[in-house]
Every structure is written in structure tokens, then in C-alpha cells.
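Report on the structure
Listed here are the chains, written in short residue letters.
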Amino acid sequence: MGKSKSAYSEPGKLGKLENHIIVVWVDNEAGVLARVAGLFSGRGYNIESLAVAEVDKKKHISRITIVTSGTPQVIEQIKLQLRKLIPVHKVADFKSNDQKILFKELALIKIVSSKKNREKARKVCKKYNSIILDKSKNSFVIQVTALRRDIDKLIETLGPLGLVSASRTGAVAMTRGSEIFK
Amino acid sequence: MGKLFSGAEIVFKVLEHHKVEHIFGYPGGAVLPIYDELKNHKTIKHILARHEQGAGHAAEGYARSSGKPGVMLVTSGPGATNAVTALTDAYMDSVPIVCISGQVPTHLIGTDAFQECDTTGITRPCTKHNWLVKDVKDLARVINLAFEVATTGRPGPVLVDIPKDIQFKKTKFVLKSKNKKKLNGKVNDKVSINEVDQVINLMKKSSKPVFYTGGGVINSGPEASKLLRELVSLTGFPITSTLQGLGAYPGDDPLFLGMLGMHGTYEANNAMYNCDLMINIGARFDDRITGKVDEFSPKSKKIHVDIDPSSIGKNIKVDLAIVSDVESFLKTLNKRFKEKNKDFLNSNKSNISTWWKDIDKWRQKKSLNYKNSKEVIKPQYAVQRLYELSKDKDVYITTEVGQHQMWAAQHYKFNKPNRWMTSGGLGTMGYGLPAAVGVQVANPGKLVIDIAGEASVLMTMQEMSTAVQYKLPIKIFILNNQYMGMVRQWQELLHEKNYSESYTAALPNFVKLAEAYGCIGIQAKKPDELDEKIKEMINVNKPVIFDCLVDPMENCFPMIPSGKPHNQMLLGPEDEKEEVSDEGKTLV
Ligand SMILES: Cc1ncc(C[n+]2csc(CCOP(=O)(O)OP(=O)(O)O)c2C)c(N)n1
Ligand SMILES: [Mg+2]
């Protein structure tokens with residue numbers, strides 16, 4: 001008899017991890033974010049980013065967008081567990097490479113550097129719907145919107161050009177065309 | 001203008017609306033207004049526990065034996081934290097509990113006030129939902145909703161935290177019973193004919209079917225058990241049950257294979273492993289059942305019927321998933337089955353006859369056998385005698401957690417639902433004694449026995465005082481092996497007999513302890529005095545602590561060792577070394 005020193009079974013084979021975006025509509029009430037976040041931490045699910053704000057003032061509905069990864073079985077569990085929460089109205093889920101869905105993150109980036117480096121930095125940002133929000137004689141604050149990995153890359157490039165601070169949101173998502181999330 | 005009611009009055013008005021007759025609780029500063037109001041509500045009886053955990057398990061025992069939600073009332077801070085074990089237990093085993101807790105006044109919340117704790121924060125992961133009521137106008141609606149959430153869909157505990165100032169504040173009392181917003185977990189109970197036909201098709205094609213049923217059948221109500229019995233008799237298929245499902249199907253019926261899982265019977269586990277069709281009704285593929293997931297029942301098609309969509313596909317992939325309450329599923333299935341298949345039982349007999357032969361072969365192993373003794377009481381023998389001497393009564397059994405719990409599940413045969421209360425999901429030592437208190441409150445005049453371990457029972461022994469106060473003649477039948485037997489068994493099998501801290505030195509004298517509480521103490525030391533003393537216990541109309549001294553080194557078999565599939569069971573002590581030998585084992 002082979003001896004395992006545990007009262008529990010050993011882990012089985014792991015499925016392949018997939019990246020997903022999960023959108024949750026919830027009652028905007030006290031503790032609702034803690035319920036959602038607690039569900040993820042309590043069951044060992046992963047949260048890469050999270051964005052939340054009220055989207056319906058009258059009905060007090062907030063929309064939470066969560067970027068996560070997991071095996072197909074885990075992703076399914078996440079949705080089913082979320083649906084069991086009382087303040088949750090609906091849950092939508094997409095693979096992060098779904099072409100029918102737009103994903104965007106926003107970042108505010110502060111550059112403090114020489115004129116030459118500032119010029120360079122502005123140029124690099126151009127590709128990402130950049131808007132200068134503030135300027136001084138040796139700095140500027142720029143807003144960009146892009147995918148997470150693009151912003152990752154951008155921040156890396158801006159490092160030597162005088163990036164001193166970056167502030168980022170989680171991803172938000174929207175369907176293309178006239179359809180809406182069901 | 002309508003009459004105004006205080007928050008405390010509103011609490012009782014909603015309890016009355018839900019026909020609550022008993023609440024289990026413990027007072028304290030932050031719930032005093034509610035306790036003050038108690039005197040004005042004669043239809044509601046408060047049972048004073050000796051610890052909030054005890055109140056919680058009592059509420060669980062009450063709920064599980066009656067089918068009604070259990071209600072508990074605790075104070076803020078330590079009152080609420082003491083309730084957490086019971087709430088978690090109820091959450092794991094799907095027991096409907098409404099817990100009302102007091103909280104410090106709203107203006108002090110967040111200031112680390114005396115006996116303040118973040119009750120809704122602490123209990124968020126162990127309740128279906130919880131509420132902190134900050135406006136007395138919300139109170140009636142919230143408590144009403146709390147009952148609805150606790151009792152609908154997959155049942156479970158909920159908590160309503162009421163700050164003290166809200167208990168004093170006055171408002172109008174309105175109870176709208178609209179609120180038919182989708183309640184999560186509450187599914188439309190319409191099983192489609194198409195789904196049912198798929199089930200029937202699979203049943204017809206199968207030559208090695210097995211029903212695997214669980215606590216969902218019990219939670220669905222007594223009608224579900226009746227329908228299950230009908231379905232089994234229509235098909236002639238073998239049936240096994242989880243720990244929580246015991247009693248849904250008669251334990252002494254020839255089609256019943258006994259309990260499955262880690263300490264289930266050889267025939268049940270082998271049937272699960274070798275079947276070609278598994279019909280899971282109201283069970284959740286818990287890890288104590290499946291063992292190693294990758295090798296779980298490799299050759300079968302699996303049907304899973306569960307009211308909780310998140311239970312389906314969580315641990316085991318299934319071929320046909322049906323989200324439904326058990327009763328409504330079985331109602332539709334049985335009706336359709338009878339319409340479509342006249343005389344299925346006989347026409348299908350030959351189809352499953354080899355399967356029954358296999359099962360009979362496994363049965364021949366007599367996996368629940370053990371070697372009896374004339375000198376010392378074997379724990380299995382004690383449970384068997386208890387069963388034989390009490391089975392003519394309508395008995396309610398609770399247990400603690402450990403070997404005794406498994407021996408009770410193996411050797412006590414249940415014929416009715418709601419007669420078996422045990423902590424399965426959480427495995428809470430200390431559950432059984434207070435649960436017995438709750439069971440006896442719900443079922444006056446019935447015989448209620450806690451089959452206990454001496455270590456577990458010391459965790460909530462204080463509730464004997466509750467039993468005495470309310471004249472609840474519960475019987476605490478302790479299988480006293482002086483060890484945390486289940487821990488010792490694992491240490492013997494897996495940790496080279498290093499019995500680290502699993503022996504309890506300085507156990508109390510249980511007979512004197514019983515007397516100190518004002519109840520009856522009985523001790524049995526030898527097999528030949530057992531029957532006499534059990535009868536004495538059953539016949540006395542007072543709470544009893546029965547100290548049954550049993551073999552300290554007995555192990556609980558059969559067992560599936562950790563991480564093994566169902567077809568690799570250990571049948572007995574000899575089995576650790578070599579092939580099973582059936583010799584020397586006697587069935588009493
Ligand atoms: C509250 C709690 N603490 C620890 C455990 C771990 N545990 C499981 S069984 C067991 C021993 C129980 O001993 P006893 O009540 O004497 O029962 P026996 O196994 O001897 O029949 C322990 C410590 C538990 N289940 N619950
Ligand atoms: Mg013991």
C-alpha cells in the first residue's frame with residue numbers, strides 16, 4: 001500500500017489556463033465589493049484587475065469588470081458562484097481574445113525630464129489615444145487608453161524617458177456593434 | 001397615522017409572521033431591547049443555551065429534524081464570534097438558520113467600541129447572505145427576506161445584524177411580501193420532459209446502474225424520500241447514500257448498498273467505481289466521496305440533479321446536468337417513467353442481473369464485520385446493540401465527529417428522513433450534544449440519542465445544563481475510547497504510530513459529571529452488561545450521560561486510504577499488510 005501522508009487526495013491533472021473578462025452587474029449596496037472580492041480570495045480564484053462604478057443611478061446598479069485566469073472548470077465555477085450572491089443581477093464572461101469585445105484600460109503617466117526626452121515620450125504615447133492633461137516647464141501628465149499589455153510595454157519604454165509615476169485602472173469592456181452583454 | 005413599533009417589536013412581529021415557535025440564544029448588552037420584548041410574545045419560546053455555538057448547533061438540530069428554519073439570537077462581539085462555527089457548519093451542510101445578532105449603536109460602529117466586531121465581515125463567507133440594518137424602516141423587509149433566503153433554493157444560514165439604537169427606534173410596521181426578485185439559488189422548478197426523457201433513456205441503456213443520493217433528498221422534504229423509494233422500486237436499481245442522505249431510503253432494504261465514501265461499504269464503493277450509469281440525486285461529489293478525482297468512476301455516464309447550479313461540474317464533470325429541486329424532479333420523472341415503461345422492473349431484470357451478481361459478490365466481503373470480544377465492548381457492537389434495542393421507537397440520532405460518527409453511520413439503520421443529524425461538511429466536534437437539544441425541542445416525547453466520542457462531547461458539554469433546564473431527556477451515548485480515535489487511527493496508519501497528543505489524559509468521571517448537571521449517569525464496562533444498561537438509559541425520562549467504555553485501539557473499517565480510488569479499499573487490520581482475509585471477523 002503506497003502511503004500518502006494526508007487525509008486528502010492528491011491534486012489531479014490541471015487543465016489549461018485561460019484569460020477571461022467577467023462582467024458583473026450588482027446592487028450598489030454596502031459590502032457588495034467585499035462579497036465579490038471575498039468570493040475570489042476565499043475560493044482561491046485569481047483577480048488580475050478589477051474596475052467598478054455605478055452605471056445606473058436610479059436603480060443603483062454597479063458594473064464590475066474583473067480580469068481573471070483559470071481552467072475552464074474554474075471559470076465556470078466563478079460565474080456560478082457569482083450568480084449565487086444575492087446582490088448580483090447578471091454575469092457575463094468572455095475570453096480576453098474575443099474579437100467581438102472591446103477592452104480598454106486607462107493610465108495616467110507623469111513624465112519629468114529634459115525637453116528632448118519629453119518630446120520623445122510624447123511621440124511614443126501618440127499611438128495610445130494620448131491626451132496631455134497637465135504641463136509645467138519640466139513635466140507633463142498624459143492620459144493613455146489601451147490594452148493592458150500595451151500599457152505595460154509603454155511604461156517600460158517611458159522609464160528611461162523620465163517616467164516618475166503611473167496610475168492605472170482595471171480593464172473595462174464593451175461589445176462591438178449594436179449588441180449588448182446578455 | 002398608523003401605530004409605531006420599536007425595532008425590537010418588529011423583530012418579533014416578523015418571527016411571528018414566519019410562525020417561529022422557538023429561538024435559541026444568549027443575551028448580552030447589544031440585544032437587551034430584543035430580550036426585553038420577549039415577554040410580550042407568548043407563542044415564541046426562548047431556549048437559553050450555555051454558549052452561542054451550542055445555540056447554533058441546537059438551531060441546526062431543530063431545523064434538520066423538523067424541516068423548519070432554526071432561529072438563533074446572540075449579542076454583539078463575542079456572542080457573534082461564538083456563533084461562527086455553527087454558522088459555518090450550517091453553511092457546509094445546507095441547514096436553514098436565521099441568526100439575529102445585536103450590534104453596538106450605529107454612531108459607535110467603526111470606533112472599536114465595547115463588544116464591537118465586524119460581524120457582517122466575519123460572517124460573510126459562512127452565510128448565504130447577511131445584512132447590517134442601519135435604518136429601522138428596513139428592518140421588517142430585511143428579516144423577512146432573511147427567512148426567504150435561508151429557506152429557498154439550497155438552504156443555508158443567514159445573519160441579520162441589528163445595532164442597539166435600531167432596536168429602540170420606532171417606525172410603522174409594513175410587511176410587503178412582494179420581493180419576488182430572482183433569489184439566487186432559487187431556480188424555476190420546471191424540469192423539462194426532454195430532460196426527464198434523457199434520464200429515462202440512459203436508465204434503459206444501462207446494465208450497471210447505481211443511484212447515488214445525498215442530503216438534497218432530505219432537504220427537499222419527506223415527499224422527496226417517498227418518491228425516491230418509489231423510483232428505486234420501479235427500477236430495481238441499487239442505491240447508495242452519502243452520510244447526509246441516510247434515512248432518505250430505508251437502511252435495511254435489500255436494494256440499499258449502505259453508505260459510500262471514505263468509510264462506506266465495499267459494495268457501495270465498488271458499485272460506484274464499476275457502474276456504467278451513475279444517477280446522482282442531491283449529492284455534491286464531495287472529496288470524502290470521490291477520493292482521487294481522476295480515477296473516480298471511470299466507466300460511467302453521470303447524471304447530476306442538484307438545486308444549486310454551482311454544485312454541478314465543480315468537482316466531477318457530468319454528462320447530464322439537471323438543476324432542480326429533488327422532489328419536483330422525481331415527481332416528473334416517476335410519472336413519465338410509469339407512463340413510458342410498463343413493467344420495467346421485470347422486463348429489465350435480466351439486463352442488470354450480472355450487475356447484481358457482482359454486487360452480491362462484493363457484499364460477501366461483509367465489509368462492516370469486525371472481530372467481536374467477550375472481554376471488552378467493541379464500539380461497533382455497542383452501536384449495533386443500541387440500534388437493536390431502540391429500533392422499535394421513532395429514534396432521532398445525532399453524532400459528534402470521529403470514529404464513533406462513522407460507526408453510527410455504518411451500523412445504525414435509518415428508515416425515515418430527518419432522523420439523522422451529523423456534521424458532515426465541516427466535521428465539527430461538539431455538534432451532537434447541542435444538536436440533540438434542538439432535536440428534542442422540535443420533537444418532544446421522541447427518543448433522541450447523541451452517539452458521541454469522549455473528546456468531542458467535552459467541547460460542548462455545558463449544554464447538558466440546557467437539557468436539564470428545559471427537561472429535555474436527551475441521551476448522550478459516549479463511545480469512550482479515551483482517544484481522539486479518528487486522529488489516532490490516522491496516526492497509526494500514516495504517521496508510524498506516533499500518537500502525538502491524541503490521548504486525553506485526565507478525562508472527567510462522566511457519571512459524576514452527569515450527576516453534577518442534575519441528570520443520570522450510567523457506565524458500561526463489559527459486553528454482557530451492555531443490553532441491560534442501554535435499556536435502563538432508554539427507559540429513563542431524564543437526560544442521560546452514558547459512558548460506554550470501549551476498546552481504545554479499535555479502527556474504523558472499511559476505509560479508502562487517502563488519494564485512492566474506490567476500488568482500493570482497506571477492509572480491516574490485516575489488509576494493511578496483505579490480501580483481505582475474512583477469517584476471524586464475525587458479524588454480530
Ligand atoms: C472542532 C474540531 N477540532 C478538531 C477536529 C479534528 N478531529 C477529527 S476527529 C477527532 C477526534 C475525535 O475524538 P472523539 O470525539 O473521542 O471521537 P472518536 O474518534 O474517538 O470516536 C479530531 C480531533 C475536529 N473535527 N473538530
Ligand atoms: Mg474517542
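Residues numbered from 1 in each chain as written. Chains lettered and ligands numbered in written order. Predicted model: local features only at pLDDT ≥ 70, side-chain atom pairs only at ≥ 80, totals over all residues. Heavy atoms only, no water.

Glancing now at the overall build of chain A. Assigned secondary structure in chain A consists of four helices and nine strands. Ordering the α and β elements of chain A from the N terminus gives β-α-β-β-α-β-β-α-β-β-α-β-β. Here the C-alpha radius of gyration of chain A, 21 Å, is well above what a compact globule of 182 residues would show, namely 16 Å. Each principal axis of the C-alpha distribution contributes one length, and for chain A these read about 70 × 55 × 35 Å. Counting over 182 residues, chain A shows a buried share of 40%. Summarising the internal contacts of chain A: among those between residues at least 6 apart in sequence, 71% fall at separations of at least 24. Carbon and sulfur atoms make up 54% of the accessible area of chain A, which totals about 10700 Å². Where the 34 positive side-chain charges of chain A centre and where its 17 negative ones centre are 5 Å apart. (Helix = DSSP H or I, 4+ residues; strand = E, 2+ residues; numbered from the N terminus. Rg over C-alpha atoms; globule rule 2.2 N^0.38 Å. Buried < 20%, exposed > 50% of the residue type's maximum accessible area, 1.4 Å probe, protein only. Contact = heavy atoms within 4.5 Å. Areas by Shrake-Rupley, 256 points an atom, 1.4 Å probe, with all protein chains shown as cover. Lys, Arg positive; Asp, Glu negative; His and termini not counted. Charge placed at Lys NZ, Arg CZ, Asp CG, Glu CD.)

Looking now at the domain arrangement of chain B. Residues and elements named next belong to chain B. Here the domain parsing of chain B yields domain 1 (4–185), domain 2 (193–364) and domain 3 (379–549). The centre of domain 1, based on its C-alpha atoms, is set 37 Å off from the matching centre of domain 2. With eight residues of domain 1 at the contact, the number on the domain 2 side is six residues. Of the roughly 640 Å² buried at the junction of domain 1 and domain 2 (both faces included), carbon and sulfur atoms supply 38%. Linking domain 1 with domain 2 are one salt bridge, by the criterion used here. Between aspartate 308 and arginine 154 there is a salt bridge whose closest N-O contact spans 2.8 Å. The tally of links from domain 1 across to domain 2 stands at five residue pairs in polar contact (both at pLDDT 80 or more). (Domains from an automatic or database assignment. Buried area = accessible area lost by both parts, 1.4 Å probe. Salt bridge = Lys/Arg side-chain N within 4 Å of Asp/Glu carboxyl O. Polar contact = N/O pair within 3.5 Å; in protein donor to acceptor, adjacent residues only side chain to side chain.)

This part is about the domain arrangement of chain A. All names here are of chain A. Considered domain by domain, chain A is made up of domain 1 (18–95) and domain 2 (101–174). The C-alpha centroid of domain 2 is placed 28 Å from the C-alpha centroid of domain 1. Taken residue by residue, the interface counts ten residues in domain 1 and eight residues in domain 2. Carbon and sulfur atoms supply 66% of the area that domain 1 and domain 2 bury against each other, a total of about 670 Å² over both sides. There are zero salt bridges connecting domain 1 and domain 2. There are two residue pairs in polar contact (both at pLDDT 80 or more) connecting domain 1 and domain 2. Sorting the residues of the side of domain 1 that touches domain 2 by element identifies β2 (49–56), β3 (61–70) and β4 (88–95) as the ones contributing at least two each.

A separate point is the interface of chain A and chain B. Each partner contributes residues to the interface: chain A has 29 residues there, and chain B has 37 residues. Summed over both partners, the interface of chain A with chain B comes to about 2600 Å²; 49% of that surface belongs to carbon and sulfur atoms. At the boundary of chain A with chain B, the tally comes to one salt bridge. Among the salt bridges present, the one from aspartate 308 of chain B reaches lysine 84 of chain A, with a minimum N-O distance of 2.7 Å. Joining chain A to chain B, the criterion identifies six residue pairs in polar contact (both at pLDDT 80 or more). Going through the elements one at a time, α1 (32–42), α2 (72–84) and β4 of chain A are the ones with two or more residues in the side of chain A that touches chain B.

A word on the site of ligand 1. Residues and elements named next belong to chain B. Taken together, 17 residues are adjacent to ligand 1, and Gln403, His404, Gly427, Ser456 and Gly485 come closest. Contact between ligand 1 and glycine 427: a nitrogen atom at 2.8 Å from a main-chain N or O atom of the residue. Separating an oxygen atom of ligand 1 from a backbone N or O atom of tyrosine 483 is a distance of 2.9 Å. A total of 580 Å² of accessible area belongs to ligand 1 in isolation, and the protein chains cover 76% of it. Of all elements in the fold, only α17 (403–411), α19 (454–457) and α21 (485–494) reach the threshold of two or more residues within the shell around ligand 1. Within the shell around ligand 1, the residues separate by chemical class into eight nonpolar, eight polar and one charged. (Near = heavy atom within 4 Å. Nonpolar A, V, L, I, M, F, W, Y, C, P; charged D, E, K, R; others polar.)

Residue and element names in this part refer to chain A. When the terminal C-alpha atoms of α2 are compared, their 19 Å separation across 13 residues agrees well with the 18 Å that a helix rising 1.5 Å per residue should span. Every buried residue belonging to α2 is among Ile75, Gln77, Ile78, Lys79, Leu80, Gln81 and Leu82, and all of these are buried. Looking at the buried residues of α2, the elements they touch are β1 (18–27), α1, β3 and β4. (Expected span 1.5 Å × (residues − 1).)

With that out of the way, let us pick up the coordination of the magnesium ion (ligand 2). Residue and element names in this part refer to chain B. Looking at the magnesium ion (ligand 2), the protein donor atoms are Glu454 (OE), Glu454 (OE), Asn481 (OD1) and Tyr483 (O), and they sit 2.0 to 2.5 Å from it. Spacing between the donor residues of the magnesium ion (ligand 2) along the chain follows E-x26-N-x1-Y. Here asparagine 481 lies in the loop between β18 (475–480) and α21 and glutamate 454 lies in helix α19, a separation of 27 residues in the sequence. Classification of glutamate 454 as buried rests on a relative accessible area of 1%. For asparagine 481, a relative accessible area of 6% corresponds to the buried category. (Donors = N, O, S within 2.8 Å, 3.2 Å for Na, K, Ca; no water.)

Residues and elements named next belong to chain B. Tracing the sequence through the fold places asparagine 443 in the loop between α18 (432–442) and β17 (447–453). Residue asparagine 443 is classed as buried on the basis of its relative accessible area of 11%. Asparagine 443 has contacts with Ser65 and Tyr396, leaving out every residue within four places of it along the chain.

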